[in-house]
Amino acid sequence: ENPSGIRESRVMNDALLAAAEALSRRNRGRRKLIIIISDGREYNSRTSYSDVLKVILNDEIIVDAIAVDAAALPVLKRSEQIHIPTQGYGDLLPKYTNATGGTIYSELSRTGLERAYAQATADARNQYTIGYSPKTPNISGEYRQLDVRVHRPNLRVFAPDGYNSLPPKQQ
């Protein structure tokens, strides 16, 4: 518990899984985005990062993150990425945003947090979706890396770093 008596929760994987499951019921044609405001710490979730990531990637959900507290401090970011058994895992926010093509915003003040949220929602409204079909089907379900590039100046590209394909449907 912190000094205000409010019990802090660090079950980020479970929270993201619940949000992803709620979004999975949306039509596949609609954009799916989770904006998480967190210090990036994970401790005591019942669900692992890799299991949550599989659900998020399968449902084509983008994770944007607004890093607060220690996760927003550049000097502390490296020390936050280690695992301490009684304290859980450090900053998982970059892992989720990088894997899904999302963006991470680092803010320390309330004004900065409001500005980051406004930017995240504006970015979500001004996105385009691209797709491709691989030359050879990925029936094994193995992870394939992606590298998305554009030849037009002044565009920001946010894309997942890869994907796992779904196994073929049984007839």
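Refer to the structure printed above.
Criteria and cut-off values
- Residues numbered from 1 in each chain as written.
- Predicted model: local features only at pLDDT ≥ 70, side-chain atom pairs only at ≥ 80, totals over all residues.
- Heavy atoms only, no water.
- Helix = DSSP H or I, 4+ residues; strand = E, 2+ residues; numbered from the N terminus.
- Buried < 20%, exposed > 50% of the residue type's maximum accessible area, 1.4 Å probe, protein only.
- Contact = heavy atoms within 4.5 Å.
- Pairing = 2+ DSSP bridges.
- Axes fitted to C-alpha atoms, helices over the stretch in contact; angles between N-to-C directions.
- Arc of directions from axis to C-beta.
- Salt bridge = Lys/Arg side-chain N within 4 Å of Asp/Glu carboxyl O.
- Expected span 1.5 Å × (residues − 1).
- Parallel < 35°, antiparallel > 145°, perpendicular 65-115°, else oblique.
- Left-handed = near helix turned anticlockwise from the far one by under 90°.
- Nonpolar A, V, L, I, M, F, W, Y, C, P; charged D, E, K, R; others polar.
- Core = buried A, V, L, I, M, F, W, Y, C linked by side-chain atoms within 4.5 Å.

(A) Structural detail: the overall build of the chain. Of the regular secondary structure elements, the chain holds five helices and seven strands. The helix and strand sequence of the chain, counted from the amino end, reads α-β-α-β-α-β-β-α-β-α-β-β. Classification of the 171 residues of the chain by burial places 32% in the buried group. Across the chain, every contact between residues at least 6 apart in sequence was considered, and the portion connecting residues at least 24 apart equals 74%.

(B) Highlighting the sheet that holds strand β5 (residues 104-106). Strand order in the open sheet formed by three strands is β1-β2-β5, with parallel pairing between adjacent strands. In this open sheet, the two edge strands, each paired with only one partner strand, are β1 (32-38) and β5. Adjacent strand axes in the sheet meet at a mean angle of 15 degrees when their direction is disregarded. Two strands pair when backbone bridges link them, and β1 and strand β2 (residues 61-67) are joined in this way by seven bridges, in the parallel orientation. When the sheet's bridge partners are listed, I35 is paired in β2 with D64.

(C) How the structure looks around helix α4 (residues 93-100). Those residues of α4 that sit buried are L93, Y96, T97, A99 and T100. Around the axis of α4, the buried residues are gathered within 165 degrees of arc, so they sit on the same side. Phi for G101, located one or two positions after α4, is positive at around 80 degrees.

(D) Structural detail: the pattern of salt bridges. This structure, assessed with the given rule, holds one salt bridge. A salt bridge links D147 to R149, with the nearest nitrogen and oxygen atoms 2.7 Å apart. With respect to burial, D147 and R149 carry one shared label: exposed.

(E) Focus on helix α5 (residues 110-125). With 16 residues, α5 should reach 22 Å at 1.5 Å per residue; the first-to-last C-alpha distance of 23 Å fits that figure. The complete set of buried residues in α5 reads G112, A116, A120, D123 and A124. Seen from one end, α5 has its buried residues packed into an arc of 105 degrees, which puts them on one side. Of the residues in α5, the exposed ones pointing more than 90 degrees away from the buried face are R110, T111, R115 and R125. Tucked inside the fold, the buried residues of α5 contact β1, β2 and β5.

(F) Expanded view of the packing of helix α2 (residues 49-58) against α4. Running from amino to carboxyl end, α2 crosses α4 at an angle of 30 degrees, the nearest separation of the two axes being 11 Å. Between α2 and α4, the angle is such that the two are roughly parallel. Crossing hand, α2 versus α4: right-handed. Between α2 and α4, the residues in contact are Y49, V52, L53, I56 and L57 and K95, Y96, A99 and T100, respectively. Classifying every residue of the contact of α2 with α4 gives seven nonpolar, one polar and one charged.

(G) Geometry of the nonpolar core. Among the nonpolar cores identified, the biggest contains 19 residues, and L16, I36, I56 and Y96 are the most heavily contacted of them. Going through the elements one at a time, α1 (12-23), β1, α2, β2 and α4 are the ones with two or more residues in this core. The greatest single-element share of this core, amounting to five residues, is contributed by α1. With residues near it in sequence (within four places) discarded, Y96 still touches N13, L16, Y49, V52, L53, I56 and V63.

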